[in-house]
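Breakdown of the fold
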Amino acid sequence: MLTKHEKELIAQIWDKMIPVACDIGSESLLRYYYRMMTTFPGTKTYFAHLDIRPRSPHLLSHGKKIVLAIAECSKDISSIMVTLAPLQTLHAYQLRIDPCNFKLLSHCILVTLAAHMPDEFTPVAHAAMDKYLSAFAAVLAEKYR
Amino acid sequence: MVDWTFEERKHIIETWGKINVKVVGPLALRRCLIVYPWTQRYFGTFGDVNSAAAIMGNKKVAKHGITVLNGLERAVQNMDDIKNTYAELSVLHSEKLHVDPDNFRLLGDCLTIVLASQMGRAFTPDIQAAWQKFLTVVVSALGRQYH
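Residues numbered from 1 in each chain as written. Chains lettered and ligands numbered in written order. Predicted model: local features only at pLDDT ≥ 70, side-chain atom pairs only at ≥ 80, totals over all residues. Heavy atoms only, no water.

1. A closer look at the state of the cysteines
A full pass over the atoms with the stated rule returns 0 disulfides over all chains. B:Cys110 takes part in no disulfide bond, and the closest cysteine sulfur to it belongs to B:Cys32, at a distance of 4.6 Å. (Disulfide = S-S within 2.5 Å.)

This is the structure:
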């Protein structure tokens, strides 16, 4: 369960990240996606149809979509089931990404946040963010079966 | 036998060279106890580890963090035989300390995040990949003697 304080921490962090995410030129945040594919090569199998070289526009715009969805939900975490409903359907029936990969992506997002904002990414903020991303992943996988 | 490419060896050794064990050890262990509170179960004799504030100030936790990272150095120095290097430690964690081996992965993840916060952009995807491969081998070796 996320406490009120944790929800505030999460919203604060993503508030800072949204302007950065929107600036595709500022790729350090969006590199989390490339980070995931380099560290966990199995995740590349889902991108055979895209150009996933490090600075590819595909990679950056795809990474941006994900970050914006995560940031959007962070503004009102109690409504996450409603906000994510279309994405649940997409992932369950179209994309069918094995949910174990959500953990790998979450880990790379956490690493990127730590690298990007080390002072703010305290252990307490890290705990809150990890809880949020786990909940996000669980909701995303809910329609799978 | 694990196959290390020249690049992977280089990344791991260079990354280790940047780690100040006395600083990173405590940071990693504290983070693990805060982010994954169930890991506190192994630290009953360490005094107060019941809150983030208590954990951050706990001297025994800090000292143990240094012990753990000093242990990791042995793997860095014996990259071609981590399995045997850690055989005794694995038995210790299984038979005496009774630590669920999944906790090694959790601590490894926290260590990775501490490294990222210290190195920033210098902790590139390629370096992270090599480092995570190294930690996977370490975690596997530590869990190997459990039966």
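Still to come is the rest of the account.
2. Some words on the confidence of the model for chain B
With 100% of its residues at a pLDDT of 70 or more, chain B shows a mean pLDDT of 95. What the predictor reports for the complex is a pTM of 0.88 with an ipTM of 0.84. (pLDDT = per-residue confidence, 0-100.)

3. Concerning the packing of aromatic side chains
Residue and element names in this part refer to chain A. Here the structure, examined in full by the defined rule, presents 9 aromatic pairs over all chains. Relative to Phe47, the ring of Tyr33 lies with its centre 5.5 Å away and its plane at 80°, an arrangement referred to as edge-to-face. In this pair, Tyr33 sits in helix α2 (residues 27-39) while Phe47 sits in the loop between α2 and α3 (57-74), placing the two residues 14 residues apart along the sequence. Take Phe47: its relative accessible area is 9%, and that puts it in the buried class. For the pair Tyr132 and Phe136, a centre-to-centre distance of 6.0 Å together with 70° between the ring planes defines the contact as edge-to-face. In this pair, Tyr132 and Phe136 are both assigned in helix α7 (residues 123-140), 4 residues apart and thus about one turn of the helix distant. On the basis of relative accessible area, Tyr132 is assigned to the buried category, the value being 0%. Residue Phe136 is classed as buried on the basis of its relative accessible area of 8%. Through a chain of ring-to-ring contacts, the aromatic side chains of Tyr32, Tyr33 and Phe47 assemble into a single cluster. (Phe/Tyr/Trp six-rings, centres within 6.5 Å; stacked < 30°, edge-to-face > 60°. Helix = DSSP H or I, 4+ residues; strand = E, 2+ residues; numbered from the N terminus. Buried < 20%, exposed > 50% of the residue type's maximum accessible area, 1.4 Å probe, protein only.)

4. Quick notes on the interface of chain B and chain A
Contact with chain B, which involves 21 residues of that partner, is made by 21 residues of chain A. Together, B:Arg31, B:Ile113 and B:Pro125 form the three largest contributors to the area buried by chain B at its contact with chain A, with a combined 32%. Remark: the boundary between chain B and chain A carries 0 salt bridges. If you look at where chain B meets chain A, you find 6 residue pairs in polar contact (both at pLDDT 80 or more). If you list the elements that add at least two residues to the side of chain B that touches chain A, you get α2 (21-35), α3 (52-57), α7 (102-119) and α8 (125-143) of chain B. With 6 residues, α7(B) is the single largest residue contributor to the side of chain B that touches chain A. Among the residues forming the side of chain B that touches chain A, the class breakdown is 11 nonpolar, 6 polar and 4 charged. (Contact = heavy atoms within 4.5 Å. Buried area = accessible area lost by both parts, 1.4 Å probe. Salt bridge = Lys/Arg side-chain N within 4 Å of Asp/Glu carboxyl O. Polar contact = N/O pair within 3.5 Å; in protein donor to acceptor, adjacent residues only side chain to side chain. Nonpolar A, V, L, I, M, F, W, Y, C, P; charged D, E, K, R; others polar.)

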